[in-house]
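If you want the building blocks of each chain, they are given just below.
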Amino acid sequence: MDTVGVWSLVRFAHVAGAALWVGGQLALSLVILPLARRLLAPEAKDRFTAAAGRRFGMLTGAVFLPVQLATGWAMAWHKGVTWASLAEPGYGRTLATKLALFVVVMLAAAGHGIAQAKDRADLARALAVISLVGSLGVVLLATALPAT
């Protein structure tokens with residue numbers, strides 16, 4: 001059995017960060033918010049969902065996003081990825097697609113927060129679904145990439 005090296009720890013941080021981020025989105029969307037809608041009075045529900053969304057957004061901005069960007073950049077550097085190699089078939093194109101989808105997810109998540117703050121619930125909900133589905137797509141594409 002090989003020892004756990006630095007790159008194993010970097011990959012672990014990347015995968016753990018993604019699992020916490022996407023898992024958090026799933027837990028909020030599928031468990032916590034539906035229960036809040038069902039069990040709380042309308043005013044309490046609105047305060048709870050807004051507070052839960054703000055807290056998850058702060059965690060994303062302060063922890064999940066920096067970890068994903070730093071570890072993702074480090075693994076790409078370690079693997080020798082260049083801008084030109086992102087256009088190459090196989091690893092390059094899969095990584096480029098993953099990165100593009102990640103940008104879409106971040107834009108949808110930011111738009112969700114803005115729509116929520118402006119009391120545009122339908123738009124906020126649609127952007128949350130786009131962000132969640134896109135996040136699952138990012139994870140799916142990540143599974144297609146070989147380990148560094």
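Everything below is about the structure shown above.
Trainee: I keep staring at the side chain of H14 and nothing clicks. Help me out?
Mentor: Inspection of the secondary structure puts H14 in helix α1 (residues 6–39). Classification of H14 by relative accessible area gives buried; the value is 11%. Here the side chain of H14 touches T71 through a polar contact of 2.7 Å, side chain to side chain. Setting aside anything within four residues of it in sequence, one finds H14 in contact with Q68, T71, G72, M75 and K98.

Trainee: What should I look at first to understand the packing of aromatic side chains in this one?
Mentor: Where two aromatic rings form a pair, the distance of their centres and the angle of their planes describe that pair. Scanning the model with the defined rule gives 3 aromatic pairs in all. Here the aromatic rings of W7 and W77 are separated by 6.3 Å at their centres, their planes lie at 40 degrees, and the arrangement is tilted. Of this pair, W7 sits in helix α1 while W77 sits in helix α2 (residues 42–79), and the two are 70 residues apart along the sequence. Residue classification places W7 among the partly exposed residues on the basis of a relative accessible area of 23%. Using a relative accessible area of 57% as the deciding quantity, one classes W77 as exposed. Pairing F56 with F64 gives two aromatic rings, centres 5.9 Å apart and planes at 50 degrees, and the pair type is tilted. Just as F56 is buried, F64 falls in that class too. When the ring centre of Y91 is taken as reference, the NZ or CZ atom of K79 above it lies at 4.8 Å.

Trainee: I would appreciate a short explanation of α1 in the present structure.
Mentor: Along an α-helix, a turn takes 3.6 residues, which lines up residues three or four apart on a common side. Its 34 residues place the ends of α1 46 Å apart at the C-alpha level, agreeing with the 50 Å of an ideal helix rising 1.5 Å per residue. A maximum bend of about 40 degrees is found in α1 at L28. Taken residue by residue, α1 has V10, H14, G17, A18, W21, V22, G24, Q25, L28, L33 and A36 as its buried positions. In this structure, the buried side of α1 is in contact with α2, α3 (91–117) and α4 (121–144).

Trainee: For this particular structure, what's the right way to read unusual backbone geometry?
Mentor: Trans peptide bonds make up most of the peptide bonds, and negative phi angles are found at most residues other than glycine. Located in the positive-phi region is D119, a residue other than glycine, with phi close to 60 degrees. Looking at the element boundaries, D119 is found in the loop between α3 and α4.

Criteria and thresholds
- Residues numbered from 1 in each chain as written.
- Predicted model: local features only at pLDDT ≥ 70, side-chain atom pairs only at ≥ 80, totals over all residues.
- Heavy atoms only, no water.
- Helix = DSSP H or I, 4+ residues; strand = E, 2+ residues; numbered from the N terminus.
- Buried < 20%, exposed > 50% of the residue type's maximum accessible area, 1.4 Å probe, protein only.
- Polar contact = N/O pair within 3.5 Å; in protein donor to acceptor, adjacent residues only side chain to side chain.
- Contact = heavy atoms within 4.5 Å.
- Phe/Tyr/Trp six-rings, centres within 6.5 Å; stacked < 30°, edge-to-face > 60°.
- Lys NZ or Arg CZ within 6 Å of the ring centre and 35° of its normal.
- Expected span 1.5 Å × (residues − 1).
- Bend = angle between axes of the 7 residues up to and from the residue.

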